[in-house]
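A structural walkthrough
Listed below are the residues making up each chain.
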Amino acid sequence: MKKNKIWRIKGFEGTFSDEELIELIRSGELKGDYAITTREMKRWVRLKDSIYQYYLEAKDETI
């Protein structure tokens with residue numbers, strides 16, 4: 001099954017799936033001030049202002 005790569009990260013090349021984005025956050029490569037967007041979004045949103053803020057704060061919890 002092909003992963004749905006919809007996210008772009010400001011300063012990174014290519015697109016990322018939800019799973020890849022979460023892994024980058026958990027590994028510490030992405031911090032709250034990094035901005036993300038999709039084709040449908042009209043602007044960039046900081047991770048700490050998005051639904052992904054949960055992964056910035058979560059330790060080993062899963063949703």
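For the structure, check the block above.
Calculation criteria
- Residues numbered from 1 in each chain as written.
- Predicted model: local features only at pLDDT ≥ 70, side-chain atom pairs only at ≥ 80, totals over all residues.
- Heavy atoms only, no water.
- Pairing = 2+ DSSP bridges.
- Helix = DSSP H or I, 4+ residues; strand = E, 2+ residues; numbered from the N terminus.
- Core = buried A, V, L, I, M, F, W, Y, C linked by side-chain atoms within 4.5 Å.
- Buried < 20%, exposed > 50% of the residue type's maximum accessible area, 1.4 Å probe, protein only.
- Contact = heavy atoms within 4.5 Å.
- Salt bridge = Lys/Arg side-chain N within 4 Å of Asp/Glu carboxyl O.
- Polar contact = N/O pair within 3.5 Å; in protein donor to acceptor, adjacent residues only side chain to side chain.

**Quick word on the sheet that holds strand β1 (residues 8-9)**
Ordered in space as β1-β2-β3, the three strands form an open sheet in which the pairing is antiparallel. Each edge of the open sheet is held by one strand with a lone partner, namely β1 and β3 (45-46). Pairing geometry for strand β2 (residues 35-37) and β3, over two bridges, is antiparallel. Across the sheet, the residue bridging to I36 is V45, located in β3.

**Re the nonpolar core**
Residues W7, I9, F16, L21, I22, L24, I25, L30, I36, L47, Y52 and Y55 constitute the largest nonpolar core, which totals 12 residues. Counting residues per element, this core draws most heavily on helix α1 (residues 18-26), which supplies four residues. Sequence-distant contacts of L47, defined by excluding residues within four places in its chain, comprise I25, L30, K31, G32, Y34, I36, Y52, Q53 and L56.

**Details of the pattern of salt bridges**
Any two side chains of opposite charge can pair, so long as their charged atoms come close to each other. Applying the stated criterion across every chain yields a total of four salt bridges. For K5, the salt bridge goes to E20, with nearest N and O atoms at 3.2 Å. On the criterion of sequence distance, the pair formed by K5 in the segment before β1 and E20 in helix α1 is long-range, its members being 15 residues apart. When salt bridges that share partners are traced, they join D33, R46, K48 and D49 into one network.

**Remarks on the side chain of S17**
Its place among the elements puts S17 in the loop between β1 and α1. Excluding its chain neighbours within four sequence positions, the residues that come into contact with S17 are K3, N4, K5 and W7.

**A closer look at the side chain of S50**
Mapped onto the elements, S50 comes out in the loop between β3 and α2 (53-57). Looking at S50, its side chain comes within polar contact range of the main-chain oxygen of L47, at 2.8 Å. Ignoring any residue separated from it by four or fewer positions in sequence, one finds S50 in contact with I36 and V45.

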